[in-house]
Amino acid sequence: MRLIFLGPPGAGKGTQAKLLTEKYGIPQLSTGDMLRAAVAAGTDVGKRAKAVMDAGQLVSDAIVNEIVSDRIDSPDCARGFILDGYPRTVPQAEALDRILAGKGISLDAVIELKVDEDALVKRMENRVAETVAAGGTVRSDDNPEAFKRRLTEYREKTAPLSHYYASTGKLRTVDGMASVDTVTAEIGGILA
Ligand code: AMP
């Protein structure tokens with residue numbers, strides 16, 4: 001099962017992707033997580049990505065295309081994977097098509113979580129409050145200003161991917177404002 005999750009930051013992509021990893025026994029490949037790991041490890045990629053990420057802007061296509069292509073080659077991706085946060089631009093989607101074709105594999109579905117943007121800012125604030133209450137560390141780009149920039153980046157650069165994947169017949173749209181369980185059930189129905 002090879003899937004992509006589309007949707008603005010805070011739409012619940014990560015939550016749903018995690019549930020599917022358990023169901024299908026395939027990994028969730030979050031480029032955000034991979035980049036944050038690179039920043040934490042102080043690698044060259046991490047050093048180049050940090051300022052861009054903190055500003056809520058997009059890291060270069062070359063960097064993310066390469067980390068995804070390498071990650072897909074890992075043995076744990078043999079039965080499939082869930083891409084979360086990638087592709088984020090039409091050029092990245094085109095690059096992914098080439099990467100997958102080069103490996104002789106293709107996508108099964110692209111699931112888009114549709115959400116109300118105003119409600120997302122509230123969700124982000126709740127996520128920060130919950131993380132702080134649980135004694136966790138808040139992401140350096142989880143503040144209202146950077147979050148709004150991430151939403152703008154999404155609207156301008158990532159939203160056009162719906163049309164891109166609709167034209168391939170692989171796009172499935174789900175109401176991301178529903179409860180986590182309802183969204184999970186709907187995705188389960190799509191993939192059954
Ligand atoms: P996320 O955890 O998916 O919200 O990603 C956090 C940040 O990592 C984004 O705001 C970008 O700066 C960077 N990032 C993650 N995925 C990508 C991608 N596919 N293309 C460019 N930048 C990305």
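Our structure is the block above this text.
Cut-off values and rules
- Residues numbered from 1 in each chain as written.
- Predicted model: local features only at pLDDT ≥ 70, side-chain atom pairs only at ≥ 80, totals over all residues.
- Heavy atoms only, no water.
- Near = heavy atom within 4 Å.
- Polar contact = N/O pair within 3.5 Å; in protein donor to acceptor, adjacent residues only side chain to side chain.
- Areas by Shrake-Rupley, 256 points an atom, 1.4 Å probe, with all protein chains shown as cover.
- Nonpolar A, V, L, I, M, F, W, Y, C, P; charged D, E, K, R; others polar.
- Pairing = 2+ DSSP bridges.
- Helix = DSSP H or I, 4+ residues; strand = E, 2+ residues; numbered from the N terminus.
- Axes fitted to C-alpha atoms, helices over the stretch in contact; angles between N-to-C directions.
- Contact = heavy atoms within 4.5 Å.
- Parallel < 35°, antiparallel > 145°, perpendicular 65-115°, else oblique.
- Left-handed = near helix turned anticlockwise from the far one by under 90°.
- Core = buried A, V, L, I, M, F, W, Y, C linked by side-chain atoms within 4.5 Å.
- Buried < 20%, exposed > 50% of the residue type's maximum accessible area, 1.4 Å probe, protein only.
- Expected span 1.5 Å × (residues − 1).
- Arc of directions from axis to C-beta.

A. Representation of the site of the ligand. Around the ligand lies a shell of 16 residues, among which Thr 31, Gln 57, Gly 85, Arg 88 and Gln 92 are the nearest. At 3.0 Å, a side-chain N or O of Arg 36 approaches an oxygen atom of the ligand. Between the ligand and Gln 57, the relevant distance is 2.5 Å, taken from an oxygen atom to a main-chain nitrogen or oxygen of the residue. Protein contacts shield 96% of the accessible area of the ligand, which totals 480 Å² for the unbound molecule. Classifying every residue of the shell around the ligand by side-chain character gives 6 nonpolar, 5 polar and 5 charged.

B. Local environment of the sheet that holds strand 4 (residues 109-114). Pairing is parallel across the open sheet formed by 5 strands, whose spatial order is 2-3-1-4-5. Sheet topology places strand 2 (28-30) and strand 5 (171-175) at the edges, where each strand pairs with a single neighbour. Direction aside, the axes of adjacent strands within the sheet are offset by 25° on average. In this structure, strand 2 lies alongside strand 3 (residues 81-84), joined through 3 bridges in parallel fashion. Looking across to strand 3, one finds that Gln 28 is bridged to Ile 82. Helix-sheet contacts for helix 1 (residues 13-24) involve strand 1 (2-6), strand 2, strand 3 and strand 4, and the interaxial angle to strand 1 is about 160°.

C. Structural detail: the packing of helix 6 (residues 117-133) against helix 7 (residues 144-158). Taken N-terminus to C-terminus, the directions of helix 6 and helix 7 make an angle of 140°; their axes are 11 Å apart at the nearest point. Put simply, helix 6 runs oblique to helix 7. Our pair here, helix 6 against helix 7, has a crossing hand that is right-handed. Two secondary-structure elements touch here, helix 6 through Glu 117, Leu 120, Val 121, Met 124, Glu 125 and Arg 127 and helix 7 through Pro 144, Phe 147, Lys 148, Arg 150, Leu 151 and Arg 155. Residues of the contact of helix 6 with helix 7, tallied by class, amount to 6 nonpolar, no polar and 6 charged.

D. Main features of the nonpolar core. Within the largest apolar cluster, 25 residues are counted, with the highest numbers of intra-cluster contacts made by Ile 4, Leu 83 and Tyr 165. At the level of elements, strand 1, helix 3 (44-54), helix 4 (61-72), strand 3, helix 5 (90-103) and helix 8 (161-166) are the ones that each hand at least two residues to this core. If near-sequence neighbours (up to four positions away) are discounted, Leu 83 is found in contact with Leu 3, Ile 4, Phe 5, Leu 29, Val 68 and Leu 96. Of all hydrophobic cores here, the second largest spans 21 residues; its members include Leu 20, Val 128, Val 174 and Leu 191.

E. A look at helix 7. An ideal rise of 1.5 Å per residue puts 21 Å on 15 residues; helix 7 measures up with 20 Å between its terminal C-alpha atoms. If you check which residues of helix 7 are buried, you get Ala 146, Phe 147, Arg 150, Leu 151, Glu 153, Tyr 154 and Thr 158. In an axial view of helix 7, the angular spread of the buried residues amounts to 160°, which keeps them on one side of the axis. For helix 7, exposure combined with an orientation more than 90 degrees from the buried face picks out Glu 145 and Glu 156. Buried positions along helix 7 lie against strand 1, helix 3, strand 4, helix 6 and helix 8.

F. Focus on the environment of Gln 16. Take Gln 16: it is sitting in helix 1. It is 9.7 Å that separates the C-alpha atoms of Gln 16 and Asp 84, two residues lying 68 residues apart in sequence. Those residues in contact with Gln 16 that sit more than four places away from it in its chain are Phe 5, Leu 113, Val 180, Val 183, Thr 184 and Ile 187.

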